[in-house]
Amino acid sequence: QRLLRQQLLYFCWLVSIIALTTRKKWDGEVSAFNVIRIILIVLVVFGCLNFVKVEYMQIKKRLESLQEKKQRQFKEYYYNFWNIWQVLTLSFVTCFVAIELAIPRSNEATLFGALSQFFACINSLYYLRGRDEWAWIVYALLRIIAKMRQFLGILFFIIASTTILFWTMDAFEPSN
């Protein structure tokens, strides 16, 4: 029950992030869209606070177990891929919301919105692995990715370079 509730909350949060990042497609400054934008920002902030609380509870639980068993180290929390990914996701979403509030519809907000979407979508695998029907798929994907690390690193570098190239070309304004 608790896992299902957390999964539903996460997917609602993910949909809110996706809806908020597509705000450039909304036409004009209609007040209804501004109200929807504010509601989405509130939902994203609520989700961030909730998942920060979840991470805090995990760290607190780890610290309590450390007090009982001295041989364990606190660093174990940071060796778990999902914990690091969740912290990165929360960081990008927090930056996105802050920039969206300060400079709405800016290129920086778009960049952090895209990063937030990407990290949140990948992080949804964490919640899918809790279901027996999907756990084996997530496990198999992670095993395949672990064996392809070098290839994925090179691929990421090529994609990042191409993205920067197109981003730079898009910012270029030819003189008439």
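The structure we're discussing is the one just above.
This text gives an overview of the structure that appears in the document. (Residues numbered from 1 in each chain as written. Predicted model: local features only at pLDDT ≥ 70, side-chain atom pairs only at ≥ 80, totals over all residues. Heavy atoms only, no water.)

Looking only at helices and strands, the protein features 7 helices and 0 strands. The linear arrangement of helices and strands in the protein, starting from the amino end, is α-α-α-α-α-α-α. For the protein, with 176 residues in total, the buried portion stands at 26%. Partitioning the intrachain contacts of the protein with sequence separation of at least 6 by distance along the chain shows that 68% fall at a separation of at least 24. A total accessible area of about 12600 Å² is found for the protein, and carbon and sulfur atoms account for 68% of it. (Helix = DSSP H or I, 4+ residues; strand = E, 2+ residues; numbered from the N terminus. Buried < 20%, exposed > 50% of the residue type's maximum accessible area, 1.4 Å probe, protein only. Contact = heavy atoms within 4.5 Å. Areas by Shrake-Rupley, 256 points an atom, 1.4 Å probe, with all protein chains shown as cover.)

A few words now on the packing of helix 1 (residues 2–21) against helix 5 (residues 107–128). Close contact between helix 1 and helix 5 brings their axes to 10 Å; oriented N to C, the two are set at 165 degrees. The orientation of helix 1 relative to helix 5 falls into the category roughly antiparallel. The way helix 1 lies across helix 5 gives a crossing that is left-handed. Where helix 1 abuts helix 5, its residues Q6, Q7, Y10, F11, L14, I17, I18 and T21 lie against G113, S116, Q117, F119, A120, C121, N123, S124, Y127 and L128. Looking at the contact of helix 1 with helix 5 residue by residue, the classes come out as 10 nonpolar, 8 polar and no charged. (Axes fitted to C-alpha atoms, helices over the stretch in contact; angles between N-to-C directions. Parallel < 35°, antiparallel > 145°, perpendicular 65-115°, else oblique. Left-handed = near helix turned anticlockwise from the far one by under 90°. Nonpolar A, V, L, I, M, F, W, Y, C, P; charged D, E, K, R; others polar.)

Before going further, it helps to spend a moment on the nonpolar core. By size, the foremost hydrophobic cluster in this structure holds 16 residues, and its most contacted members are W13, V44 and V93. Mapped onto this core, the elements with two or more residues apiece are helix 1, helix 2 (31–68), helix 4 (81–102) and helix 5. In this view, V93 contacts W13, I17, V44, C48 and S116; residues no more than four positions away in its chain are not counted. (Core = buried A, V, L, I, M, F, W, Y, C linked by side-chain atoms within 4.5 Å.)

This paragraph deals with helix 4. For helix 4, built from 22 residues, the straight-helix expectation of 32 Å at 1.5 Å per residue is met to within 8% by its first-to-last C-alpha distance of 32 Å. When we look at burial in helix 4, the residues that qualify are W82, N83, W85, Q86, T89, L90, F92, V93, F96, V97, I99 and E100. (Expected span 1.5 Å × (residues − 1).)

Below, the discussion takes up the packing of aromatic side chains. A complete count under the given rule lists 9 aromatic pairs for this structure. Measuring from ring centre to ring centre gives 4.4 Å for W85 and F119, while their planes differ by 25 degrees; the resulting arrangement is stacked. You can see W85 sitting in helix 4 and its partner F119 sitting in helix 5, a full 34 residues away along the chain. Exposure class is identical for W85 and F119. Each is buried. Centre to centre, the rings of F118 and F119 are 5.6 Å apart; their planes meet at 85 degrees, and the pair counts as edge-to-face. Here the aromatic cluster, defined as three or more aromatic residues joined through ring pairs, consists of W85, F92, F112, F118 and F119. (Phe/Tyr/Trp six-rings, centres within 6.5 Å; stacked < 30°, edge-to-face > 60°.)

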